[in-house]
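# Remarks on the overall topology
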Amino acid sequence: MLFKELIDYLHTIAPNNLQEDYDNAGLIVGSPNTAIKSVLICLDVTEEVLEEAKSLGCNLVIAHHPIVFRGLKRFNGSNYVERVVIKAIKEDIGIFAIHTNLDNVFYQGVNTKIANKIGLEKIEILQAKENIQYKDAAVGAGMMGYLPEPIDSMVFLKQLKSSMNINSIKYTALIHKTIQKVAVCGGSGGFLLAAAKRKGAEIFITSDYKYHEFFDANGTIIIADIGHYESEQFTIELLHEIISQKFSNFAAHCTKIVTNPVKYL
Ligand SMILES: [Zn+2]
């Protein structure tokens, strides 16, 4: 089976044209006509992940984050992006990224996975793109949903730590005694705060908040920053489910390397 056959299937789940303008999802390294040996799924491609792929006999890495976002002018290995691309080419390992297109879909999307982990019901896209639907569902950023019943806010945060496997949560004042209506966005979702407020969410769970941005909670919503890697880590599991439910003619491995560059003490 060729790279392109797997890629075509993944694009039936999350079409490449649903990615954001700044994104660079798609086949970044390698020829679509290469035969798949086996694949390795990760959030971030690093040199260590490529070593792991090599040791497992994988010749295709499927990553959430594209390793290359901007044009590269030199290939002398002075930064990690160049080193990863050079190594992938030398080792004959393809790199495919499925990023904001997977964020933006409703069925089997990144935020749907997060909503399921948290136990949200009646989910809907938080900020839908106008006039775009895919498989009869809205397309867009973030997700909105309800807990089966209201939960004490602190109890909810503690449950969130355990269900999302988080070391620490940065959060604003618990202005609501209980929580039922929850907005989520994997990765850097700060741009969705207004949408979360508009929809009446009691808490907005995302990552990459800066100090001053926490003030934007403004006494109307609770902001919970759970960390970028932490918020998206189950995307690896999601991609593994998507691939292994459809294909049994090659092995799909999940990386065992924690690529989170942020450490906690
Ligand atoms: Zn991300």
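Keep in mind it's a predicted model, so treat the numbers as computed, not measured.

## What to know about the overall build of the chain
On a plain count of helices and strands, the chain comes out with 10 helices and 11 strands. Across the 265 residues of the chain, 42% fall into the buried class. In the chain, once contacts between residues fewer than 6 apart in sequence are set aside, the share between residues at least 24 apart is 65%.

## Regarding the sheet that holds strand β4 (residues 94–97)
Reading across from one edge, β1-β4-β3-β2-β11 is the order of the 5 strands in this open sheet, with mixed pairing throughout. The outermost strands of the open sheet, each flanked by one partner alone, are β1 (26–29) and β11 (251–254). Each strand axis lies, on average, 25° off the axis of its neighbour in the sheet, ignoring direction. As paired strands, β1 and β4 are joined by 3 bridges and run antiparallel to one another. Among the inter-strand pairings, G26 is bridged to a residue of β4, identified as A97. Packed onto the sheet, helix α10 (residues 235–246) meets β2 (38–42), β3 (60–63) and β11 and runs at close to 170° relative to β11.

## Points about the domain arrangement of the chain
Assigned domains of the chain: these are domain 1 (3–102) and domain 2 (105–231). Across the contact, 7 residues belong to domain 1 and 7 residues belong to domain 2. Its residues assigned to classes, the side of domain 1 that touches domain 2 comprises 6 nonpolar, 1 polar and no charged.

## Notes on the sheet that holds strand β10 (residues 222–225)
Read from one edge to the other, the open sheet built from 6 strands follows the order β5-β6-β8-β9-β10-β7, with strand pairing classed as mixed. Where the open sheet ends on each side, the last strands, each with one partner, are β5 (121–134) and β7 (170–171). Here 2 bridges tie β7 to β10, and the two strands are oriented antiparallel to one another. Counterpart to Y171 in the pairing with β10 is A224. The sheet strands contacting helix α5 (residues 110–118) are β5, β6 (137–152) and β8 (178–188), and the helix crosses β8 at an angle near 145°. Sheet strands touched by helix α6 (residues 153–163): β6, β7, β8, β9 (203–207) and β10. Its angle to β6, the strand with the most contacts, is close to 120°.

## Topic: the environment of A217
Mapped onto the fold, A217 is located in the loop between α8 (211–214) and β10. By the C-beta count within 10 Å, which is 20 here, A217 ends up buried. Linking A217 and A14, residues 203 residues apart in sequence, is a C-alpha distance of 32 Å. Those residues in contact with A217, other than ones at most four positions away along the chain, are T172, I222 and I223.

## Structural notes on the environment of L193
Of note, L193 is situated in helix α7 (residues 193–198). Note: C-alpha distance between L193 and E232 (39 residues apart in sequence) is 18 Å.

## What to know about helix α2 (residues 47–56)
Within α2, burial applies to V49, L50 and A53. Looking straight down α2, one finds its buried side chains confined to an arc of 100°; they lie on one side. Next to the buried residues of α2 lie β2, β3 and α3 (80–91). Looking one or two residues beyond α2, the residue adopting positive phi is G57, at roughly 75°.

## Quick notes on the packing of α2 against α3
Look at α2 against α3: their axes get within 9 Å of each other, and the N-to-C directions meet at 15°. Judged by the inter-axis angle, α2 sits roughly parallel to α3. For the pair α2 and α3, the crossing hand works out as right-handed. Packed against α2, whose contacting residues are E47, L50 and K54, the element α3 presents R83, V84, K87, A88 and E91 at the interface.

## Comments concerning unusual backbone geometry
If a residue is not glycine, its phi is most likely negative; likewise, a peptide bond is most likely trans. We note that K122 has phi near 50°; this positive angle belongs to a residue other than glycine. Relative to the assigned elements, K122 resides in strand β5. In this structure, N165 takes a positive phi of about 55° despite not being glycine. On the secondary structure map, N165 appears in the loop between α6 and β7.

## Details of α6
Taken as a whole, α6 has its buried residues at S153, F156, L157 and L160. Taken down its axis, α6 places every buried residue within 100° of arc, on the same side. Turned more than 90 degrees away from the buried face of α6 sit M154, V155 and S162, all of them exposed. Just past α6, the residue N165 takes up positive phi, approximately 55°.

Each value, and the rule that gives it
Residues numbered from 1 in each chain as written. Predicted model: local features only at pLDDT ≥ 70, side-chain atom pairs only at ≥ 80, totals over all residues. Helix = DSSP H or I, 4+ residues; strand = E, 2+ residues; numbered from the N terminus. Buried ≥ 20, exposed ≤ 12 C-beta atoms within 10 Å, placed from the backbone. Contact = placed C-beta atoms within 7 Å. Pairing = 2+ DSSP bridges. Axes fitted to C-alpha atoms, helices over the stretch in contact; angles between N-to-C directions. Domains from an automatic or database assignment. Nonpolar A, V, L, I, M, F, W, Y, C, P; charged D, E, K, R; others polar. Arc of directions from axis to C-beta. Parallel < 35°, antiparallel > 145°, perpendicular 65-115°, else oblique. Left-handed = near helix turned anticlockwise from the far one by under 90°.

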